[in-house]
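If you want the building blocks of each chain, they are given just below.
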Amino acid sequence: MKKLLSVAGAALLTALAAVFALGQPAHAATGFSVSNGRLYDAGGVEFVMRGVNHAHTWYPQQTSSFADIKALGANTVRVVLSSGDRWTKNSAADVANVISLCRANRLICVLEVHDTTGYGEESAAASLAKATDYWLSIADVLKGQEKYVIVNIGNEPFGNQGYSAWTTDTSNAIKRLRAAGLTHTIMVDAPNWGQDWSFTMRDNAGTVFAADAQRNTVFSIHMYGVFDTAAEISDYLGRFRAAGLPIVVGEFGFNHSDGNPDEDAIMAYAQANGIGYLGWSWSGNGGGVEYLDMTTGFNPAQLTSWGQRIFNGANGIAATSREASVYAGSTPTASPTVSPTVSPTTSPTVSPTSPPPTTPSPSGGCTATYTVGNSWQGGFQGEVKVTAGAAAITGWTVRWTYANGQSVTQAWNASVSNSGSAYTARNVDYNGRLGAGASTSFGFIGTWQGTNSIPAVTCTPA
């Protein structure tokens, strides 16, 4: 998901192409497989995803989230990873640990590369070819995990520009993965920030499915403001069902900056028609869509209203999720080792019930507020909130200098650079324009030794 979706209005295009009538040979059941528009696990049992998205690449210390998500009833977790093109690369060892966490908690792992988000419109985004390079670079940890892992090539791989290339680029990515010996079920996202308002994926899904020699590809639609009526939801999903092509709702929310999706209709239609859904997201949202957090501060005991709805509401996860049959009769094993930069026994130094210290610093037409939201031995998670002054701004630059040797190792929702201990953060293309009094935020993971004092920050508007 992009923190602020860019959506263009468009009239509905033509009905499904005749190519949707393609037959679907069954795939050898070494892992997940697709047949007649349905997904089957390695035990040959139909599998309907019921789960959530977890932003692992930005919050690598939150390894307990896998057990927490499972405890609330999910059978699947879609895990945000980075290929290193836009954020800090998740290493093969880290991905192997993520898979181990999924298996230890009897979850199916949908692994996705997030760097592709909005390609063609988002200047920093990576291509599907780049995402495929990443999957091939970690192929050794994926092979042998076909019973537990689905490979989601790239998140929302086109924005609202250049998306006519989606069919060719997606087909080529699938062919490269197969040529390299990856036999997993592959998931592919729609263009138009995942929402396919142009119906590019809908009308070309048959072509992409046929490009997979193993006929083992699942299509993923993201439902936000474009899908604000039950009629739009049932029409889109129903066309895939009628065509015998597999579809899941890979992301959706109860509200969004681009409109108000009908989450009740999404969940009801999915349940009635055996379609998987994965809500966005467990915790850690920024950029003005913090309301999409299902938990407060990754705490499963503090479900938000959205968390209560998706887990415990009508057609929700708790009532409708069924565990993959590959885990039948198994018992959870001890959780594997978490990231070496995090001590699992170290409690955060900032209580979630008390606000962390802040240092606001006005400068011209904007202010910046730096907070430490979570801290552990040698590491911390920080956030800076940027607020426009009495007049609208078109961009912003935030600066600070660390006094005690801290450093930033990865960041999101801003372009962050440094010269020694002096750091500069600049807006990215989707969060620079702020109306008078409006706010946005960016976050980061950092390291510290000795003390982790709050630096003074300044904000300069564009």
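Calculation rules
- All chains use their own residue numbering, which begins from 1 and follows the written sequence.
- The predicted origin of the model limits local features to residues at a pLDDT of at least 70 and limits the giving and counting of side-chain atom pairs to 80 or more, whereas totals for whole chains, interfaces and linings rest on all residues.
- Computation of side-chain values: all heavy atoms of the structure, hydrogens and water removed.
- Each helix is a run of DSSP H or I of at least 4 residues and each strand a run of E of at least 2, with the numbering of both proceeding from the N terminus.
- Think of it in three bands: with a 1.4 Å probe and only protein chains considered, a residue is buried below 20% of the maximum accessible area for its type, exposed above 50%, and partly exposed in between.
- The contact criterion used throughout is that any non-hydrogen atoms of two residues lie within 4.5 Å.
- Using a 1.4 Å probe, accessible areas were evaluated by the Shrake-Rupley method; residue-level cover was limited to the displayed protein chains.
- Between the N-to-C directions of two axes lies an angle of 0 to 180 degrees, each axis being a line fitted to C-alpha atoms and, for a helix, fitted only over the stretch in contact.
- Angles below 35 degrees are treated as roughly parallel, those above 145 as roughly antiparallel, those between 65 and 115 as roughly perpendicular, and all remaining angles as oblique.
- Note on convention: near helix rotated counterclockwise from far helix by under a right angle means a left-handed crossing. Clockwise means right-handed.
- Three classes are used, and their members are as follows: Ala, Val, Leu, Ile, Met, Phe, Trp, Tyr, Cys and Pro are nonpolar, Asp, Glu, Lys and Arg are charged, and the others, Gly among them, are polar.
- A 3.5 Å cut-off defines polar contacts: any pair of N or O atoms within that distance qualifies, except that in protein one atom must be a possible hydrogen donor and the other a possible acceptor, and neighbouring residues in sequence count only when both atoms are side-chain atoms.
- Any cysteine sulfur atom paired with another within 2.5 Å is treated as part of a disulfide.
- Here the expected length of a helix is defined as 1.5 Å per residue gap, with one fewer gap than residues.
- By construction, the arc corresponds to the directions joining the helix axis to the C-beta atoms.
- Paired strands, as defined in this entry, are two strands with at least two bridges between them according to DSSP.
- How sure the predictor is of each residue is captured by pLDDT, a score from 0 to 100.
- Only the six-membered ring of Trp is used, alongside the rings of Phe and Tyr, when aromatic pairs are assigned; centres must lie within 6.5 Å, and planes under 30 degrees apart are stacked while those over 60 apart are edge-to-face, with the rest tilted.
- Any Lys NZ or Arg CZ that is within 6 Å of a ring centre and within 35 degrees of that ring's normal is treated as a charge sitting over the ring.
- Each nonpolar core is a collection of buried residues, namely Ala, Val, Leu, Ile, Met, Phe, Trp, Tyr and Cys, held together in the definition by side-chain atoms within 4.5 Å.

1. Details of the overall build of the chain
Summing up its helical and strand segments, the chain has ten helices and 21 strands in all. Expressed as a percentage of its 462 residues, the buried residues of the chain come to 57%. Summarising the internal contacts of the chain: among those between residues at least 6 apart in sequence, 76% fall at separations of at least 24. Element-wise, carbon and sulfur atoms account for 53% of the exposed surface of the chain, whose accessible area totals about 16,400 Å².

2. Description of the packing of helix H8 (residues 263–273) against helix H9 (residues 305–312)
At a minimum axis distance of 11 Å, the contact between H8 and H9 shows a crossing angle of 20 degrees. Judged by the inter-axis angle, H8 sits roughly parallel to H9. Pair H8 / H9 crosses with right-handed handedness. Residues Glu263, Asp264 and Met267 of H8 pack against Trp306, Arg309 and Ile310 of H9. Along the lines of polarity and charge, the residues of the contact of H8 with H9 split into three nonpolar, no polar and three charged.

3. Section: the environment of Arg103
With respect to the secondary-structure elements, Arg103 resides in helix H2 (residues 92–104). With sequence-adjacent residues up to four places away left out, Arg103 is seen in contact with Gln145, Tyr148 and Tyr327. Side chain to side chain, Arg103 and Gln145 meet in a polar contact 3.0 Å long.

4. Some thoughts on unusual backbone geometry
Of the consecutive residues Trp280 and Ser281, the connecting peptide bond is found in the cis state with omega at -15 degrees. Position of Ser281 relative to the elements: it lies in the loop between strand E10 (276–279) and strand E11 (295–296). Phi at Trp193 takes a positive value of approximately 55 degrees, unusual for a residue other than glycine. We classify Trp193 as buried; its relative accessible area is 0%.

5. Regarding the state of the cysteines
Enumeration over the complete set of coordinates arrives at two disulfides. Each sulfur in the disulfide pair Cys102 and Cys109 lies 2.0 Å from the other. In this structure the cystine formed by Cys102 and Cys109 twists about its S-S bond by roughly 70 degrees; its chirality is therefore right-handed. The buried category is assigned to Cys109, whose relative accessible area is 0%. Between the sulfur atoms of Cys366 and its disulfide partner Cys459 the distance amounts to 2.0 Å. Since a negative S-S torsion denotes a left-handed disulfide, the Cys366-Cys459 link at about -105 degrees is left-handed.

6. Some details on helix H5 (residues 166–179)
With 14 residues, H5 should cover 20 Å at 1.5 Å per step; its first-to-last C-alpha distance of 20 Å lies within 8% of that length. Buried within H5 are the following residues: Trp166, Thr167, Thr170, Ser171, Ala173, Ile174, Leu177 and Arg178. Angular distribution of buried residues about the axis of H5 spans 160 degrees; they occupy a single face of the element. Contacts made by the buried residues of H5 are with helix H3 (128–137), strand E7 (186–189), helix H6 (200–211) and strand E8 (217–223). Gly181 sits one or two residues past H5 and shows a positive phi near 95 degrees.

7. Regarding the pairing of strand E19 (residues 422–426)
With five bridges connecting them, strand E16 (residues 396–401) and E19 associate as antiparallel partners. By the bridge assignment, Trp400 is partnered in E19 with Tyr423. Of the pairings in the sheet, the one linking strand E18 (residues 415–419) to E19 comprises five bridges and is antiparallel in character. Bridge pairing in E19 links Ser415 to Arg426.

8. Concerning the confidence of the model for the chain
Across the chain, the average pLDDT comes to 86, with 86% of residues at or above 70. The low-confidence segment residues 2–29, where pLDDT is below 50, has 83 contacts with residues more than four positions distant or belonging to other chains. Taken together, the stretch residues 331–363 has pLDDT below 50 and engages in 58 contacts with residues farther than four places along the chain or on a different chain.

9. Quick notes on the packing of aromatic side chains
Tallied over the entire structure, the rule returns 27 aromatic pairs. Seen from their ring centres, Trp282 and Phe311 are 6.0 Å apart, and the 85 degrees between their planes marks the pair as edge-to-face. Here Trp282, found in the loop between E10 and E11, pairs with Phe311, found in helix H9; they are 29 residues apart in sequence, far enough to count as distant. Above the plane of the ring of Phe199 lies Arg202, whose end atom (NZ or CZ) is 4.0 Å from the centre.

10. Section: the side chain of Ser65
Structurally, Ser65 is set in helix H1 (residues 65–71). Other than its neighbours up to four places away in sequence, Ser65 contacts His54, Trp282 and Phe298.

11. Observations concerning the nonpolar core
Side chains that are nonpolar tend, in soluble globular proteins, to be buried together. Residues Leu111, Trp135, Ile153, Phe219, Ile221 and Leu237 are the most contacted members of the largest nonpolar core, which totals 96 residues. Once residues lying within four places of it in the same chain are set aside, the contact partners of Phe219 are Trp166, Val188, Met201, Ala205, Val208, Phe209, Phe240, Leu245, Pro246, Ile247 and Val248. By size, the runner-up hydrophobic cluster in this structure holds 24 residues, among which are Val384, Val398, Tyr423 and Ala425.

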